[in-house]
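Inside the fold
The chain contents come next:
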Amino acid sequence: MMRFGGKPVYLCCGHTDMRKSINGLSAIVSSSFSLDPFSETLFVFCNKNRDRIKILEWDGDGFWLYFKRLERGRFRWPASDPDSKVMGLSAEELSTLIAGARLEKKLKRNEVLERRTA
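Overview of the structure. (Residues numbered from 1 in each chain as written. Predicted model: local features only at pLDDT ≥ 70, side-chain atom pairs only at ≥ 80, totals over all residues. Heavy atoms only, no water.)

This part takes up the pairing of strand 4 (residues 63-69). Direction of pairing for strand 3 (residues 52-58) relative to strand 4: antiparallel, over a ladder of 7 bridges. Across the sheet, the residue bridging to Ile55 is Tyr66, located in strand 4. The hairpin turn running from strand 3 into strand 4, its antiparallel successor, is 4 residues long, and Gly60 in that turn takes a positive phi close to 110°. (Pairing = 2+ DSSP bridges. Helix = DSSP H or I, 4+ residues; strand = E, 2+ residues; numbered from the N terminus.)

Written out as structure tokens, the structure is:
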């Protein structure tokens, strides 16, 4: 489990092309969101199928790019809103968003029932 340390979190509403790397994502942050990618902030992006996320973070001397791909399930992600391209979250809400996919997968599994022998 990642620890986010109480940093501000901005989530990109809608989907993002996951072929973008650090330069492409930081360009989205500065041009589309009008935010500074060099601030101590986490920027979170999701693909169209909602099974992959990337988190961009500046740590003072370089960028970190975290990537998570789900093998099953999807992240619960806000739909794209023409009025709002970005949504602010707390670090706790981000942890819940990431863990939510795991929880959903666990809830859908088939429970093993105890067999009775005659």
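Now that the structure is up, let's keep going.
A separate point is the state of the cysteines. In total, this model carries 0 disulfides according to the counting rule given. Sulfur of Cys12: no disulfide; nearest cysteine sulfur belongs to Cys13 and is 6.8 Å away. Looking at Cys13, the relative accessible area reads 9%, which means it is buried. (Disulfide = S-S within 2.5 Å. Buried < 20%, exposed > 50% of the residue type's maximum accessible area, 1.4 Å probe, protein only.)

Further remarks concern the pattern of salt bridges. Tallied over the entire structure, the rule returns 4 salt bridges. Arg69 serves as the salt-bridge partner of Glu71, at 2.8 Å between the closest nitrogen and oxygen. (Salt bridge = Lys/Arg side-chain N within 4 Å of Asp/Glu carboxyl O.)

To continue, consider the side chain of Glu57. Residue placement: Glu57 occurs in strand 3. The class for Glu57 is buried, based on a relative accessible area of 9%. A distance of 2.3 Å separates a polar atom in the side chain of Glu57 from a polar atom in the side chain of Lys7. Ignoring any residue separated from it by four or fewer positions in sequence, one finds Glu57 in contact with Lys7, Thr41, Leu42, Gly62, Phe63, Trp64 and Tyr66. (Polar contact = N/O pair within 3.5 Å; in protein donor to acceptor, adjacent residues only side chain to side chain. Contact = heavy atoms within 4.5 Å.)

We now examine the pairing of strand 3. Strand 3 sits mainly inside the fold: 6 of its 7 residues count as buried. Judged from the 5 bridges that link them, strand 2 (residues 42-46) and strand 3 form a sheet pairing that is antiparallel. Counterpart to Phe45 in the pairing with strand 3 is Lys54. Here strand 2 folds back onto strand 3 in antiparallel fashion, the turn holding 5 residues, of which Arg50 has a positive phi close to 60°.

Turning to the environment of Phe33, a few remarks are in order. Within the element layout of this structure, Phe33 appears in the loop between helix 1 (22-31) and strand 2. Residues Phe33 and Val86, spaced 53 residues apart in sequence, show a C-alpha to C-alpha distance of 6.6 Å. When sequence neighbours within four positions are dropped, the list of residues in contact with Phe33 reads Cys12, Ile28, Phe45, Lys85 and Val86.

Overall, mixed pairing links the 5 strands, which are arranged 4-3-2-1-5 in an open sheet. The open sheet is flanked by strand 4 and strand 5 (86-89), the only strands paired with a single partner. With strand direction ignored, the average angle separating the axes of adjacent strands in the sheet is 20°. Along the sheet face, helix 1 touches strand 2, strand 3 and strand 4 and points at about 80° away from the line of strand 3. (Axes fitted to C-alpha atoms, helices over the stretch in contact; angles between N-to-C directions.)

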